[in-house]
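# Per-entry structural report
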Amino acid sequence: MTGFRSLLAASLTALGLLLSPSLGLAQQYDPGDEPGLIADDSYALPSQWRRQMVFFRTNEPPGTIIVQTSERYLYLVQGNGRALRYGIGVGREGFQWQGLLRISRKAEWPDWVPPAEMIERQPYLPRFMAGGPGNPLGARALYLGATIYRIHGTNRPDTIGTAVSSGCFRLVNADVTDLYDRVPVGTKVVVRQRPEL
Amino acid sequence: MLKRTFRTGLAIGLAVATAIAAAAITYERYDTKTLKRTIRRDAVLCGVNTGLPGFSIPDEKGNWTGFDVDFCRAVAAAIFDDPSKVTFVALDANDRFKELQSRKVDILSRNSTWSMARETNYDLYFPAVAYYDGAGFMIPASRNIDSALDLDGSKVCVQDGTTTKMHVADFFRTNNLKYEEVKEPKLDEVVKAYQSGRCNAISADVSQLYALRLNLGKPADHVILPDLISKEPLAPVVRQRDDDWMMIVKWTMYAMINAEELGITSKNIDQALKSTKPDVMRLVGTESNYGEQLGLPRDWAARIIRHVGNYGEVYERNVGSESKLGIPRGINQLWNAGGIQYAPPIR
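The shown structure was predicted, so the numbers you read here are calculated from the model rather than taken from an experiment.

### Looking at the overall build of chain A
Scanning chain A from terminus to terminus reveals three helices and eleven strands. Mapped in sequence order, the helices and strands of chain A form the string α-β-β-β-β-β-β-α-β-β-β-β-α-β. Within chain A, the fraction of its 197 residues that count as buried is 38%. At a minimum sequence separation of 6, the contacts of chain A that also span at least 24 residues come to 69%.

Below, the structure is given as structure tokens:
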């Protein structure tokens, strides 16, 4: 029993370490969050961030999601040396993490309950916001394991290609809807970071 | 007596002449002094394409930019700690290899495909692949196809007399697909044929297709398929039998690729110089002295990264997401991030 407990504690610690962004305590305005702003659907994504089929070599099976944060791209592995590539916005400096997770839940027009960590940093955020066009989570959300992180849409399509979020990955609403329809709950998600010096 | 002196003189004269001739031939054939001559000249002589968007192109003031240009700047940075010490020599495709052989340039960095015949026929050496290119297809986005295997029944525009034409024929035959060939003698005529709808696919090297797409009315209405149907490994070229110079060129390329893999960029190079990670320390020269064996200073790789950047930075700036071309990294991504770019370690 003790053995199991210490094993559990060790694995939880390990998981915690794996997913630990250095949580700055400074209260900081997050330029990526603008609750209430209605997404501008006419916004044309710069061509390099548009959804595109690309060459991608990997041993991960088709259907796996690979996020390469330093590139600002999310890849959905198709097999046969190719992947569907989406432009994303990623966590800002200090809010980047890497690891292996699975999609634990999917939601359309999700409600937003900013996690306690985020409220602590950005006390001006609402405690709850119902899903809809003004919601920073956008049209769809894919929940990653039991973490506070998600792959979600956005009401700020102009932040694609930047590092502004609190560790989530944001896609424009059309892209997150497309991805949502292609991946089931249980999909493997690999998050890769640039190595540290 | 006199006769003997004459004979001896003749013999000595012949011997000297032979020695000089032999020395000249040896020098010609086994010239191992490119680095010395480059240092004396205070500039790298770099043979580039006369003008190819993203790879090498001069502006109106004669400043060269591009992926191939940056590679020569990297070599200059390693040697001189100054990326501007390069003299660019624009060479056309026909005599590029002869110009290299005749020492008009130290390096050819001119989107040249590495092939066996080119190394053996011209006595040249391609030290490391800079860019994996290959023939591919561009199609109207409205066709809604994302694989070359779905091109059955297409009308394909190609330039006559190119290897692309042959690769297209091979691809369709190997995959048991039908197609109709629409060939034109010149590239701009090929593009016109595509624009006028005489064909619904166009084939050329993928890097070229991205450049061609820029000039189409609405670039976003055309997609370039991710498939490569031929191998066109583009690499810098040097003369054979100058191993010291070849090593500098080869390890300049590998230093840039390793820098990307280790996360070292032109922006964080100062931080990297303080790193305690062994791989990082060996590359930037804070541990051991790998530059010395190349005839370069200890910080040779740090100079490259500081002045020019790592492989990914050079790629994105010139041909990738930060450029007009917007070519996805694709096969040129690092081996551990979806591509095949792989550099041996510095240790």
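Once the structure has been displayed, the description carries forward.
### Focus on the overall build of chain B
From N to C terminus, chain B includes 13 helices and 14 strands. Across its three principal directions, the C-alpha atoms of chain B cover 95 × 60 × 40 Å. Here chain B holds 347 residues, and the buried ones make up 46% of them.

### Points about the nonpolar core
Grouped together as the largest cluster of nonpolar side chains are 134 residues, with contacts concentrated most on Val75 and Ile304 of chain B. Ranked by the residues each element gives to this core, the list is headed by helix α9 (residues 243-262) of chain B, at eleven residues.

### Examining the sheet that holds strand β9 (residues 154-159) of chain B
All names here are of chain B. Across the sheet, which stays open at both edges, the five strands sit in the order β10-β9-β11-β8-β12 with mixed pairing between neighbours. Sheet topology places β10 (179-184) and β12 (222-224) at the edges, where each strand pairs with a single neighbour. The sheet shows a mean angle of 30° between the axes of neighbouring strands, taken without regard to direction. Pairing between strand β8 (residues 135-140) and β12: three bridges, direction antiparallel. Looking across to β12, one finds that Ile139 is bridged to Val223. Along the sheet, helix α7 (residues 187-195) contacts β9, β10 and β11 (201-205); its crossing angle with β9, the most-contacted strand, is approximately 160°. On the sheet, helix α8 (residues 206-214) packs against β8, β11 and β12 and is oriented at approximately 125° with respect to β11.

### Points about unusual backbone geometry
Positioned with a positive phi, Arg72 of chain A is a non-glycine residue whose angle comes to about 65°. Tracing the sequence through the fold places Arg72 of chain A in the loop between β2 (65-68) and β3 (73-79). When the 20 C-beta atoms within 10 Å are taken as the criterion, Arg72 of chain A is described as buried. In this structure, Asn176 of chain B is a non-glycine residue whose phi angle is positive, near 60°. Along the chain, the position of Asn176 of chain B falls in the loop between α6 (163-174) and β10. With 7 C-beta atoms packed within 10 Å, Asn176 of chain B lands in the exposed category.

### A few points about the sheet that holds β3 of chain A
Residues and elements named next belong to chain A. Spatially, nine strands are ordered β1-β4-β3-β2-β11-β6-β7-β8-β10 in an open sheet, and the strand pairing comes out mixed. The open sheet has two edge strands, β1 (52-55) and β10 (169-170), and neither has a second partner. Across six bridges, β3 lies against strand β4 (residues 82-87) in antiparallel orientation. Counted as the bridge partner of Tyr73 is Gly87 from β4. Most of the contacts of helix α3 (residues 173-182) go to strand β7 (residues 140-144), to which it runs at about 55°, and overall it touches β3, β4, β6 (99-108), β7 and β8 (150-152).

### Thoughts on the confidence of the model for chain B
On average, chain B scores 93 in pLDDT, and the residues at 70 or more come to 95%. In the predicted complex, the global pTM is 0.84; the interface-specific ipTM is 0.76.

### Focus on the packing of helix α3 (residues 67-80) of chain B against α9 of chain B
Residue and element names in this part refer to chain B. Two elements in contact, α3 and α9, have axes separated by 10 Å at closest approach and are oriented at 105°. In terms of orientation, α3 and α9 fall into the roughly perpendicular class. Along the contact surface, α3 presents Ala74, Val75 and Ala78, while α9 presents Ile248, Val249, Thr252 and Met256. Of the residues belonging to the contact of α3 with α9, the class tally is six nonpolar, one polar and no charged.

Rules of the game
- Residues numbered from 1 in each chain as written.
- Chains lettered and ligands numbered in written order.
- Predicted model: local features only at pLDDT ≥ 70, side-chain atom pairs only at ≥ 80, totals over all residues.
- Helix = DSSP H or I, 4+ residues; strand = E, 2+ residues; numbered from the N terminus.
- Buried ≥ 20, exposed ≤ 12 C-beta atoms within 10 Å, placed from the backbone.
- Contact = placed C-beta atoms within 7 Å.
- Core = buried A, V, L, I, M, F, W, Y, C linked by C-beta atoms within 7 Å.
- Pairing = 2+ DSSP bridges.
- Axes fitted to C-alpha atoms, helices over the stretch in contact; angles between N-to-C directions.
- pLDDT = per-residue confidence, 0-100.
- Parallel < 35°, antiparallel > 145°, perpendicular 65-115°, else oblique.
- Nonpolar A, V, L, I, M, F, W, Y, C, P; charged D, E, K, R; others polar.

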